[in-house]
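# Working through the structure, step by step
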Amino acid sequence: MTTEIMVAPVTDAAAADLPSWRLVLRRPAFIAGLVILLFWIVCALFGASFAPHSAYEQSLLATNQAPSSAHWFGTDQLGRDVFSRVLVGARSILLVAPLATLLGTVLGTALGLALGYLGGAVDAIVGRLVEAVLAVPAVIVAFLFIVAIGPSTLTEILVIGFIFTPLIARTVRSAVQVESHLDYLPAARLLGESRRRIMFAEILPNVMPTVLVEFTVRLGYAIFTVATLAFLGFGVDPSTPSWGSDIYANYGVIGAGYWWETLFPALAIASLIVAINLATDSIEKVLAG
Amino acid sequence: MTLYILRRLGLAVITLLVLSVIIFLAGQVVPGDPGRAILGPFASQSAVAALDHQLGADRPLITQYWSWISGAVHGDLGISYQYRTPVRPMLASALVNSAKLALFALILIIPLGILGGVIAALNAGRPVDRMISLTGLSAATVPEFVSGIVVIVIFADGLKLLPSSANAGPGATFPTQLRYLILPVIPLVFEFFGYIARMARAGTIEALESDYARTATLKGLPRRTVIFRHVLRNSLLPTIAVVATQIGYLIGGLVVVETLFTYHGVGLLIYNAAQQKDFPMLEAGVLTIGVIYLLATLLADLLSVWLNPRLRTGVTG
C-alpha cells in the first residue's frame, strides 16, 4: 500500500448525496421497474388474501383446465388455480433472494474493506479463493452444497449468500484501493484513528455508492439463481407455491398442450427480473453522472 | 513473455487446487457417510461400515483427498455410485455432446453479439443503442429455462415447427441433429448476446474516439472505410479474446438447457448425479468444468496479450 500523498481528484459530489435520488425518480425506466417490483412485493405480502382461489386447494375433477373466466391462467395437474399460485408464489423468491443478497453484501463489504485496506498475504489467499469459486458457475456451486447439506430455506440463503461474498468483496476491494490513494486516509492515520475506525467510519461511507450498485446487480443474479435452483428441483417444498418449483413440477406436460401451467410462472420470473434491471440500470446511470 | 506464461500457468494450477479442495469438502466431507447414502436408512450399521471400508471412506481426510486428486490427475475419476461403472467414459461422451451444443451456440452468438454491439456503438446515445443494451441486459438475466419454456411453447407446442427434445436419436444425420438443437441453442444465445454486444460496443466506441480514427476521417476517407478498415480491426480482436472467458458460463447455462431439453451432455450428467447423490460423478463433473473454465481463461489471457503488441512488450519488460 502506498503512503504517498496525492491531490484528491474532484469526485462528483452528487454521487453520494441525497439529491441524486430525485434524479433517479425522474427516469421513466426506474418508475416502470419500481411499479412492477412493488406489485410483486404486495403479492408476496398479501397475495393470499386477494387471490381469487386458494393456492393450495386441489381439485382433481378440474385438472389441466385451459385459461377461462373462472381460472384466468388455467389450472395445473392437481387442479390448483395457476393465477392464484403465481400471485402467492412471489413470496418464496422475494424472501430468499433479498436475504441472500443482503448476507452476501454485508459479508462481502466487510471482507472487501479488509482486503483493500490491509492487503498483503490475506489478499493474495482470498484472491485465489475468489478465482476458484468463479471457475464454476454459481448455480452448480450452489446445488453442490445444497445437495451436500440438504435443502431448506435457510440453507439456500446461506449458500447463495456465501457464494456472493467473494464476488462482492472483489468489487468493494477495488473501490477501496482507489480510496486509499486519497488524502483523507493519511490524515486519519495521523489523527491516530484505529484501523477499524478508518475502514468502517472513513472508507465505508465513500464506497457506499459502489456497495449499493453491487447490491442491486447481485439481487438480479440472486433471483436468477433461486429461480434456477427451484426449476432444477432443489427448491424447498413442492407444495409451497413458488414460480421455479411450479415450472419444475409442470414442464413435463407442455408436450401434452398444457402450456399455461409453466408459461405464466415463467413470465412472472421474467417480469420480476426485467423490473430489477430497469431499476438497476437507472441507478447506475445516475451514479455514473 | 515466457515468464508471464509461466506465472499465469502457476496461478491457474493454484486456483485449480483450491477449487478441488472446495469440491472435495462439498462432495465428501459435508454429506457425511457415503455408505449410508448408498445403502439407505434401513441398512445395518455393519453393512454400512463394510461399504465405507471398501470405498475407503474410513481413512483420514488427507489420505482420501490425496487418493481422489492423484487419481483424477491420472485420469481415474472413480466409480459412479448410481451406475456402478467408471465415471470417465460416461463423462467423456457427455462432454462430446455438450461440445456440439456449445459450438453451435458460439457460432451464432459471436457474430450476432458483435453485430449488435457495433450497431449500438455507431448509434451511441440514440434509442437504438439503448434498446440493444437494455434488451441484451434483460435477455442475459432472464434464466435460460424461462426463455427455453417460451420458445418451447411457441415453436414446439404452438406452431409445431421444431421438436421440444434435443435428442435426435442414434444415427441421425447432421442436418437432423442440427434441427433438434435449434430450440436448445436459443436460450444460450439470449444469455450471451448482451455480454458480447456490450464488449463489442465498448471496444468500438473507444476506437471511434481514437486519434487514428479522427485522422482517417480528417484525411477524407469515406465513413464506411474508416469503420471497416480502421475502427473494427482494432475493436474486435480484443472482443474475441473476451469471448473465451465466457466459456465457463456457457457450461453453466448448459446444465439448465440440457435438463429442460433432456439432452445427454455434461450438464444433464451433473444434474442427475446431484439428484441421485452420486458424489463421485458430481465431483468429477464439477472439477472438469473448472478445468475447462481455467483453460479457457488462460487461453483468453494469452490471446489478448498476443493480439495486443503493447501488452506483449509490456510483459516482457
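Residues numbered from 1 in each chain as written. Chains lettered and ligands numbered in written order. Predicted model: local features only at pLDDT ≥ 70, side-chain atom pairs only at ≥ 80, totals over all residues.

Within chain A one finds 10 helices and zero strands. Sequence-ordered secondary structure for chain A, helices as α and strands as β, is α-α-α-α-α-α-α-α-α-α. Taken along the three principal axes of its C-alpha coordinates, chain A extends 80 × 45 × 30 Å. Residues classed as buried in chain A amount to 47% of the 289 residues present. (Helix = DSSP H or I, 4+ residues; strand = E, 2+ residues; numbered from the N terminus. Buried ≥ 20, exposed ≤ 12 C-beta atoms within 10 Å, placed from the backbone.)

For chain B, the helix and strand inventory stands at 14 helices and zero strands. For chain B, the C-alpha atoms occupy an extent of roughly 85 × 60 × 35 Å along the three principal directions. Looking at chain B as a whole, 39% of its 317 residues are labelled buried.

On to the interface of chain B and chain A. It is common to report an interface's size as the accessible area lost on association of the parts. Contacts between chain B and chain A engage 42 residues on the former and 37 residues on the latter. Going through the elements one at a time, α1 (2–29), α6 (127–141), α7 (144–158), α11 (247–260), α12 (266–275) and α13 (279–307) of chain B are the ones with two or more residues in the side of chain B that touches chain A. With eight residues, α11 of chain B is the largest single contributor of residues to the side of chain B that touches chain A. Of the residues in the side of chain B that touches chain A, the class split is 30 nonpolar, 10 polar and two charged. (Contact = placed C-beta atoms within 7 Å. Nonpolar A, V, L, I, M, F, W, Y, C, P; charged D, E, K, R; others polar.)

Residue and element names in this part refer to chain B. Domain assignment breaks chain B into domain 1 (2–73) and domain 2 (87–316). Spacing between the C-alpha centres of domain 1 and domain 2 amounts to 32 Å. For the side of domain 1 that touches domain 2, the secondary-structure elements that each account for two or more residues are α1 and α2 (34–39). If one sorts the elements of the side of domain 1 that touches domain 2 by residue count, α1 sits on top with 11 residues. Split into classes, the residues belonging to the side of domain 1 that touches domain 2 amount to 10 nonpolar, four polar and one charged. (Domains from an automatic or database assignment.)

Turning next to the environment of Val 189 of chain B. Residue and element names in this part refer to chain B. As for its position among the elements, Val 189 is in helix α8 (residues 174–208). Given 18 C-beta atoms within 10 Å, Val 189 falls into the partly exposed group. Linking Val 189 and Glu 144, residues 45 residues apart in sequence, is a C-alpha distance of 9.5 Å. Discounting chain neighbours no more than four positions away, the residues touching Val 189 are Ala 105, Leu 108, Ile 109 and Leu 112.

A few words on the nonpolar core. Counting 160 residues, the largest nonpolar core has Ala 142, Phe 143 and Ile 223 of chain A as the members making the most contacts within it. Counting residues per element, this core draws most heavily on helix α10 (residues 260–288) of chain A, which supplies 16 residues. Among the domains, domain 1 (2–73) and domain 2 (87–316) of chain B are the pair contributing at least three residues each to this core. For Ile 223 of chain A, the residues in contact, after removing those within four places along its chain, are Ile 93, Ala 97, Leu 272, Ile 273 and Ile 276 of chain A. (Core = buried A, V, L, I, M, F, W, Y, C linked by C-beta atoms within 7 Å.)

What follows concerns α10 of chain A. Taking 1.5 Å as the rise per residue, α10 of chain A with 29 residues should run 42 Å; its terminal C-alpha atoms sit 41 Å apart, in good agreement. Across the 29 residues that make up α10 of chain A, a large majority, 23, are buried. (Expected span 1.5 Å × (residues − 1).)

So, on to the environment of Ala 230 of chain A. All names here are of chain A. Note on placement: Ala 230 falls in helix α8 (residues 195–231). Classification of Ala 230 by C-beta neighbours within 10 Å gives buried; the count is 29. Along the chain, Ala 230 and Ile 125 lie 105 residues apart, while their C-alpha atoms are 33 Å from each other. Filtering out sequence-adjacent residues up to four positions away, Ala 230 remains in contact with Gly 235, Ser 242, Gly 244, Ser 245 and Tyr 248.

Here we come to the environment of Ala 140 of chain B. All names here are of chain B. For Ala 140, the location among the structural elements is in helix α6. When the 21 C-beta atoms within 10 Å are taken as the criterion, Ala 140 is described as buried. Taking the C-alpha atoms as reference points, Ala 140 and Ala 105, separated by 35 residues in sequence, lie 14 Å from one another. The residues touching Ala 140, leaving out its near neighbours within four places in the chain, are Glu 191, Gly 194 and Tyr 195.

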